[in-house]
2 protein chains.
Amino acid sequence: MPKLLVVDDDLDMLALVRAALEKDGHQVDTETDSTTVQPARCHLYDLLLLDVMMPVEDGFSLCSRIRAEVDCPILFLTAKAEDAALVQGFGLGADDYIKKPFSIAELRARVNAHLRREVRQPTHTLSQGGVRFDMQAKVAIAGEHTLPFTKGEYAICEHLVLHAGQVFTKEQLYEAVFGFDAEGDSSAVAEHIKNIRAKLKAGGLSPIETVWGVGYKWRKDSVR
Amino acid sequence: MPKLLVVDDDLDMLALVRAALEKDGHQVDTETDSTTVQPARCHLYDLLLLDVMMPVEDGFSLCSRIRAEVDCPILFLTAKAEDAALVQGFGLGADDYIKKPFSIAELRARVNAHLRREVRQPTHTLSQGGVRFDMQAKVAIAGEHTLPFTKGEYAICEHLVLHAGQVFTKEQLYEAVFGFDAEGDSSAVAEHIKNIRAKLKAGGLSPIETVWGVGYKWRKDSVR
DNA sequence: AGCCATTTTTAAGGAATTTATAAGGAAGAG
DNA sequence: CTCTTCCTTATAAATTCCTTAAAAATGGCT
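By the naming in an unreviewed UniProt entry, chain A goes by Multidrug ABC transporter and is assigned to Paenibacillus solani.

Here it is as structure tokens:
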């Protein structure tokens, strides 16, 4: 289920856009104040819809603030119809520029077209609990910093995140990650978990829960 | 240099569009009769611009004929402003729908935005981490000097840079660069990496990171 | 509440694995 | 033949993984 963020100071517009996009089965988060949008949080979304004219920080400023951090499509949604503004918007790295008044049908068509192209390209990153895993680069990124996981630590995290919310015993984890099932795996896994938690905690995160008597699980992001 | 195909029965429009896109340094091919467009030939292009209303076969028909064959962005360029047509266009797999009359600035901005998203770089030079690779001349240049890479060293670098940010095991690297997979490749690759790093270090650069337990990767510039 | 058994967490050290470096020889080009 | 390039081998250095053992926490029990 694609996850979208819409930023607009106009509540009526937000409601309208949300209703339109939820018709297509998307999960829509909204924000009325662009200054509260954190670049590091944006990688949680598959697509961003930004209003241009907003009181404190306008959409262009917001876009330039976050474009370096996120790779997903950014669409402007605006009443500014002048060519100069449109060119400026695309120049900031935007992927579309939808002029108001727009029809709901057009909005949905354009959003879906951008999402469709994203899906076509092999996605090799996944985010959970504020951590983004790049399976090609083999790195985990929390906010600004990349977490210095070792190979084994990264593998355990990746497996937990891929099955977020599911509990694994230490033995299951060892087997899933390292293949075979040795003797003292449980202690080894416990040691890894300790180190992983320490590194996550340095980034202010603690997404790994202990299920007493059973094992560990990565807390799944709540689906609002 | 990106290669574009524009299909329109209106010669004036074709000239206008061609002039606009060539300003951005693109190579523009044109076609006036959509029926002569062969799906198999479309692979040559990085982006297609289709007029909707054409006498024999309209743009929608053409799009549905070729969409399965080509993955590149398809943009409609049309006077049909109705929502239904727009939705139909996107439904056929199009990536944008530009309504006439459009400004040259908007056309250029949209075309460039779509090209920017394309992974395949038609250019034969690329820069990463302060090193510029000329894939035609097979030379790497850092600042003033050309780096004295051997053929194998250059090949490894080029592959790493082409997939900057992605980790490769020594075996993967050997196979990707030299074709087959022999016995002691890993040591050979390690040796190459050592020499490459020495030569890069002479220029004050060290873009190759080792991911312990996995392999090597070229650090990706975080510039868009 | 207090105590005990079990489980988890933490800590530290050594074993094992992986990478870096260096030197020598085989193969091919000029 | 000479030189460069490439690969192999050997050794040193670095990092990670696992084991062991003790401390802390949890849940159940009286």
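That shown, we press on.
*Asks:* Give a description of helix α2 (residues 59-66) of chain B that names residues and reports values.
*Replies:* Residue and element names in this part refer to chain B. Of the residues making up α2, those classed as buried are Gly59, Phe60, Leu62, Cys63 and Ile66. Along the axis of α2, the buried residues cluster in a sector spanning 160°; they form a single face. Contacts from the buried residues of α2 go to β1 (3-7), β3 (47-51), β4 (74-78), α3 (83-91) and β5 (96-99). The opening residue of α2, the one whose side-chain oxygen lies 3.2 Å from the backbone nitrogen of Phe60, is Asp58.

*Asks:* Can you explain the interface of chain B and chain A? Please cite residues and give values.
*Replies:* The interface is formed by 32 residues belonging to chain B together with 30 residues belonging to chain A. Around 2600 Å² of area is buried between chain B and chain A when both sides are counted, 45% of it from carbon and sulfur atoms. The interface formed by chain B and chain A holds 6 salt bridges in total. The salt bridge involving Arg110 of chain A is made with Asp96 of chain B; its shortest N-O contact spans 2.6 Å. Put simply, chain B and chain A have 21 residue pairs in polar contact (both at pLDDT 80 or more) between them. In terms of residue count, the dominant contributor to the side of chain B that touches chain A is helix α4 (residues 104-117) of chain B (7 residues). Residue composition of the side of chain B that touches chain A, grouped by class: 14 nonpolar, 5 polar and 13 charged.

*Asks:* Could you give me a rundown of the sheet that holds strand β8 (residues 139-142) of chain A, with the residues and numbers involved?
*Replies:* Residue and element names in this part refer to chain A. Spatial ordering of the open sheet is given by β6-β7-β8-β9, a layout of 4 strands whose pairing is antiparallel. At either margin of the open sheet sits one strand with a lone partner, and together these are β6 (125-128) and β9 (145-147). Each adjacent strand pair in this sheet contributes to an overall mean axis angle of 30°, direction not counted. In the packing of helix α5 (residues 151-162) onto the sheet, the strands contacted are β6, β7 (131-134) and β8, and the crossing angle to β7 comes to about 110°.

*Asks:* Would you mind going over the sheet that holds strand β4 (residues 74-78) of chain A in detail, with residue names and values included?
*Replies:* Residues and elements named next belong to chain A. Ordered by their spatial adjacency, 5 strands build an open sheet running β2-β1-β3-β4-β5, and the pairing between neighbours is parallel. Each of the sheet's edge strands pairs with one partner strand only, and the pair in question is β2 (27-31) and β5 (96-99). For this sheet, the mean inter-axis angle between neighbouring strands, taken without regard to orientation, is 20°. Its contacts with the sheet place helix α1 (residues 11-22) against β1 (3-7), β2, β3 (47-51) and β4, and it is angled at close to 165° to β2.

*Asks:* Talk me through the protein's contact with DNA strand C; I want residue IDs and the actual numbers.
*Replies:* Among the 19 residues in the neighbourhood of DNA strand C, the closest are listed as Arg197, Thr210 and Tyr216 of chain A together with Arg197 and Tyr216 of chain B. Sugar plus phosphate: this is where 70% of the atoms of DNA strand C within 4 Å of the protein reside. The backbone of Gly213 of chain A places a nitrogen or oxygen atom 3.3 Å from a phosphate oxygen of DNA strand C. Of all the secondary-structure elements, those providing two or more residues to the surface near DNA strand C are α7 (185-202) of chain A together with α7 (185-202) of chain B.

*Asks:* Can you tell me about the protein's contact with DNA strand D, naming the residues and giving the values?
*Replies:* Of all residues adjacent to DNA strand D, which total 20 residues, the nearest are Thr150, Gly152 and Tyr174 of chain A together with Thr150 and Gly152 of chain B. Sugar and phosphate atoms constitute 78% of the interface atoms of DNA strand D, taking the interface as everything within 4 Å of the protein. Here a phosphate oxygen of DNA strand D sits 2.5 Å away from a polar atom, N or O, in the side chain of Tyr174 of chain A. At a separation of 3.1 Å, a phosphate oxygen of DNA strand D approaches a polar side-chain atom of His192 of chain A. At the level of elements, α5 and α7 of chain A together with α5 (151-162) and α7 of chain B are the ones that each hand at least two residues to the surface near DNA strand D.

*Asks:* Would you mind going over the side chain of His159 of chain A in detail, with residue names and values included?
*Replies:* Topologically, His159 of chain A is positioned in helix α5. Setting aside residues no more than four positions away along its own chain, His159 of chain A makes contact with Phe168, Leu173, Ala176 and Val177 of chain A.

Parameters and conventions
Residues numbered from 1 in each chain as written. Chains lettered and ligands numbered in written order. Predicted model: local features only at pLDDT ≥ 70, side-chain atom pairs only at ≥ 80, totals over all residues. Heavy atoms only, no water. Buried < 20%, exposed > 50% of the residue type's maximum accessible area, 1.4 Å probe, protein only. Helix = DSSP H or I, 4+ residues; strand = E, 2+ residues; numbered from the N terminus. Arc of directions from axis to C-beta. Contact = heavy atoms within 4.5 Å. Polar contact = N/O pair within 3.5 Å; in protein donor to acceptor, adjacent residues only side chain to side chain. Buried area = accessible area lost by both parts, 1.4 Å probe. Salt bridge = Lys/Arg side-chain N within 4 Å of Asp/Glu carboxyl O. Nonpolar A, V, L, I, M, F, W, Y, C, P; charged D, E, K, R; others polar. Pairing = 2+ DSSP bridges. Axes fitted to C-alpha atoms, helices over the stretch in contact; angles between N-to-C directions. Near = heavy atom within 4 Å.

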